[in-house]
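Residue-level listing of the chains:
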Amino acid sequence: TQTEKDKQARLKLIARKKAKNASAYETAIKYIEIGLELLSLQSWDTQYELILTLHVEAVELQYLNTQFEEAQNLSNIVLKKAKSLLDKLRVYELKIQSYIAKIQMQLAIDTAQEVLAQLGIYLPQIPDTNHINKKQVAIKFLLQDRQIEDLSNLPTMTDPYKLASVRILMIVTTATIISNPLLFSLVTLTAVNLCIKYGNPPQASSVYTFYGKLLCGMMQDIDIGYRFGQLALNLLEKSNIKEAKPLVLHYTAGFIRHWKEPINNGNIIETLQEAINIGLDTGHIEYTSYAASAYCLFLIFSGYNLEELSHK
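Reading the values: the criteria
- Residues numbered from 1 in each chain as written.
- Predicted model: local features only at pLDDT ≥ 70, side-chain atom pairs only at ≥ 80, totals over all residues.
- Heavy atoms only, no water.
- Helix = DSSP H or I, 4+ residues; strand = E, 2+ residues; numbered from the N terminus.
- Contact = heavy atoms within 4.5 Å.
- Core = buried A, V, L, I, M, F, W, Y, C linked by side-chain atoms within 4.5 Å.
- Buried < 20%, exposed > 50% of the residue type's maximum accessible area, 1.4 Å probe, protein only.
- Patch = residues over 30% accessible without salt bridge, like charges linked within 9 Å, V, L, I, M, F, W, Y side chains within 5 Å.
- Areas by Shrake-Rupley, 256 points an atom, 1.4 Å probe, with all protein chains shown as cover.
- Salt bridge = Lys/Arg side-chain N within 4 Å of Asp/Glu carboxyl O.
- Lys, Arg positive; Asp, Glu negative; His and termini not counted.
- Charge placed at Lys NZ, Arg CZ, Asp CG, Glu CD.
- Axes fitted to C-alpha atoms, helices over the stretch in contact; angles between N-to-C directions.
- Parallel < 35°, antiparallel > 145°, perpendicular 65-115°, else oblique.
- Nonpolar A, V, L, I, M, F, W, Y, C, P; charged D, E, K, R; others polar.
- Expected span 1.5 Å × (residues − 1).
- Bend = angle between axes of the 7 residues up to and from the residue.
- Disulfide = S-S within 2.5 Å.
- Phe/Tyr/Trp six-rings, centres within 6.5 Å; stacked < 30°, edge-to-face > 60°.

Caption draft 1: How the structure looks around the side chain of Gln62. Inspection of the secondary structure assignment puts Gln62 in helix α4 (residues 48–64). Among residues more than four places away in sequence, those in contact with Gln62 are Ile29, Glu33, Gln67, Phe68, Glu70, Ala71 and Leu74.

Listed below in C-alpha cells is the structure:
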C-alpha cells in the first residue's frame, strides 16, 4: 500500500543520513532515489514534508557528487512544487554553490540577487562607492559606543527571513570576491548591518570574518579588521558550529591574522591544515579547496623546502 511505501521512504531517508555522514555520497544517492520512487505524484499533497525533504536531499547529494545537471533537474521540481520561499531556500543555496563550482560567477550572483529581492534586500547590479559609504556609515551608527568585542553578546537572530538573507549573502560572497569586488563590499556590509540590527545568526562568525577581511584589505584599516577577525574566532569557539570552521579558519588565517602575526612563529599554517581536514569531514568542498590553496601558498611564503612542498 502507499502507506507502507511512505514508511519505507522515511526509512531510506534515515539510511541516507548515515551514508552521507560517512561521506558515502553515491550510496546515499541510491537510498534517496529509492525513496523518491516509492512516493506518488500525489505525495506533494499528502506527504509534502517527506517528498520535499527527499528532493532537497537529492539535490544536495547530486551537488556533492558533482552531478550538476541532475541536481539542476531536481532543483527545478522543488522550485515548481514547494509552497513557500523558505521551503525553496536550500535549493537556491545549492544552485548558487553549483554555479560557483562551475566557475559561473555571474549566474551565482544573479541567482542570489533574485532570491534576496524576494526576501526584501535589493543589491544594485553595478554598485558604486556611494552605496558602500552609506552602508559603512550605517554600521558606525549602529555600533555607536559599543566595543567590537561586545558584538559576541548580541541576542540570537530569530526572524526566518533575516536568517535566510544572511545565508544567501554568505554563500554568494566568494563569487563576488572573485568577480565583483565592489559588490563583495556591499554584500558584506549588508550582512554586518543585519547582524547588528537583528542579532547574531549561526553564520555570525562568517559575517565578521568577511568584514575583517574587507577592513584589512580594501579599506586598509588593519587594527579594526584584526579585531573583527578575533571576534569571529571567539564566536566560532563559543558556538562550536563545525560547518562554519572551514570558512572562518581559512579567511582569518589567510587574509587577516598575517597582518599582525608572523607566519613562521604562529600557527597560521596549522590552522589552514585544520580547515582542510574539517572541510573534508563536513563535505564543504568549496572552502576545503580554498584552504588547500592558501596552505600551499603560505608554505611557499614561509620558506618551506620545495621538494617536500611539491609532494604536499
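Structure's up, so let's keep going.
Caption draft 2: Structural detail: the environment of Ile171. Here Ile171 shows up in helix α9 (residues 160–179). Linking Ile171 and Ala112, residues 59 residues apart in sequence, is a C-alpha distance of 8.5 Å. In contact with Ile171, other than residues within four places in its own chain, are Glu93, Ile96, Gln97 and Ile100.

Caption draft 3: Highlighting the nonpolar core. Counting 100 residues, the largest nonpolar core has Leu54, Ile96, Leu151, Val207, Tyr208, Tyr211 and Phe228 as its most contacted members. Among the elements that line this core, the one with the most residues is α4, at 11 residues. In this structure, Tyr211 is in contact with Gln136, Ile139, Thr188, Leu189, Val192 and Phe228, ignoring residues within four places of it in sequence.

Caption draft 4: Just a negative patch on the surface, in detail. Taken together, the side chains of Glu33, Glu37, Glu69 and Glu70 define an acidic patch exposed on the protein surface. When contributions to the negative patch are tallied by element, the ones reaching two or more residues are α2 (25–38) and α5 (68–81). As for its placement among the helices and strands, Glu37 is situated in helix α2. With relative accessibility at 66%, the residue Glu37 sits in the exposed group.

Caption draft 5: Inspection of a nonpolar patch on the surface at higher detail. Nonpolar side chains collect at one region of the surface, where Leu297, Ile300 and Phe301 lie side by side and expose about 310 Å² of accessible area between them. Exposure remark for Phe301: the relative accessible area of 58% places this residue in the exposed category.

Caption draft 6: How the structure looks around the packing of helix α6 (residues 85–101) against α9. The interhelical angle for the contact between α6 and α9, taken along N-to-C directions, is 5°, at an axis separation of 9 Å. Considering the angle they form, α6 stands roughly parallel to α9. For the pair α6 and α9, the contacting residues are Leu86, Leu89, Arg90, Glu93, Ile96, Gln97 and Ile100 in the first and Pro160, Tyr161, Ala164, Arg167, Ile168, Ile171, Val172, Thr174 and Ala175 in the second. Considered class by class, the residues forming the contact of α6 with α9 number 11 nonpolar, two polar and three charged.

Caption draft 7: Examining α6 more closely. Taking 1.5 Å as the rise per residue, α6 with 17 residues should run 24 Å; its terminal C-alpha atoms sit 24 Å apart, in good agreement. Val91 marks where α6 bends most, by close to 25°. Among the residues trailing α6, Ile103 stands out with phi positive, at a value near 60°.

Caption draft 8: Here's a closer look at the side chain of Asp6. Considering the arrangement of structural elements, one finds Asp6 in helix α1 (residues 2–21). Notably, Asp6 is buried but unbridged: the nearest opposite-charge side chain belongs to Arg10, and the N-O separation is 6.4 Å. Setting aside its immediate chain neighbours within four residues, Asp6 contacts Leu39, Gln47 and Leu50.

Caption draft 9: Representation of the environment of Thr173 within the structure. For Thr173, the location among the structural elements is in helix α9. Relative accessible area serves as the criterion here: at 0%, Thr173 is assigned to the buried category. Sequence separation between Thr173 and Cys296 is 123 residues; the distance between their C-alpha atoms is 23 Å. In this structure Thr173 touches Phe184, Val187, Thr188 and Phe210, once residues within four positions along its chain are discounted.

Caption draft 10: Examining the pattern of salt bridges more closely. If you walk through the whole model with that rule in mind, you get eight salt bridges. Residue Arg167 pairs with Glu93 through a salt bridge whose shortest N-O separation is 2.5 Å. Highlighted residues: Arg167 in helix α9 and Glu93 in helix α6, separated in sequence by 74 residues. Its relative accessible area of 31% is what places Arg167 among the partly exposed residues. Under the relative-accessibility criterion, Glu93 is labelled buried at 1%. One salt bridge connects Arg227 with Glu149, and the closest N-O pair in it is separated by 3.0 Å. Taken together, the residues span a long stretch of sequence, with Arg227 in helix α12 (residues 222–239) and Glu149 in the loop between α8 (129–143) and α9 at a distance of 78 residues.

Caption draft 11: Summary view of the state of the cysteines. Inspection of the entire model under this criterion finds zero disulfides. Cys216 takes part in no disulfide bond, and the closest cysteine sulfur to it belongs to Cys195, at a distance of 18 Å.

Caption draft 12: Expanded view of the packing of aromatic side chains. Following the criterion strictly, the structure yields 10 aromatic pairs and no others. A ring pair is formed by Tyr287 and Tyr290, whose centres lie 5.5 Å apart and whose planes are at 75°; its orientation type is edge-to-face. In this pair, Tyr287 and Tyr290 are both assigned in helix α15 (residues 285–301), three residues apart and thus about one turn of the helix distant. By relative accessible area, Tyr290 is classed as partly exposed at 21%.

Caption draft 13: Broad picture of unusual backbone geometry. One non-glycine residue, Gln220, lies in the positive phi region at around 55°. Here Gln220 lies in the loop between α11 (204–216) and α12. A positive phi angle is found at Asn240, which is not glycine, with a value near 55°. Locating Asn240 in the fold gives a position in the loop between α12 and α13 (245–256).

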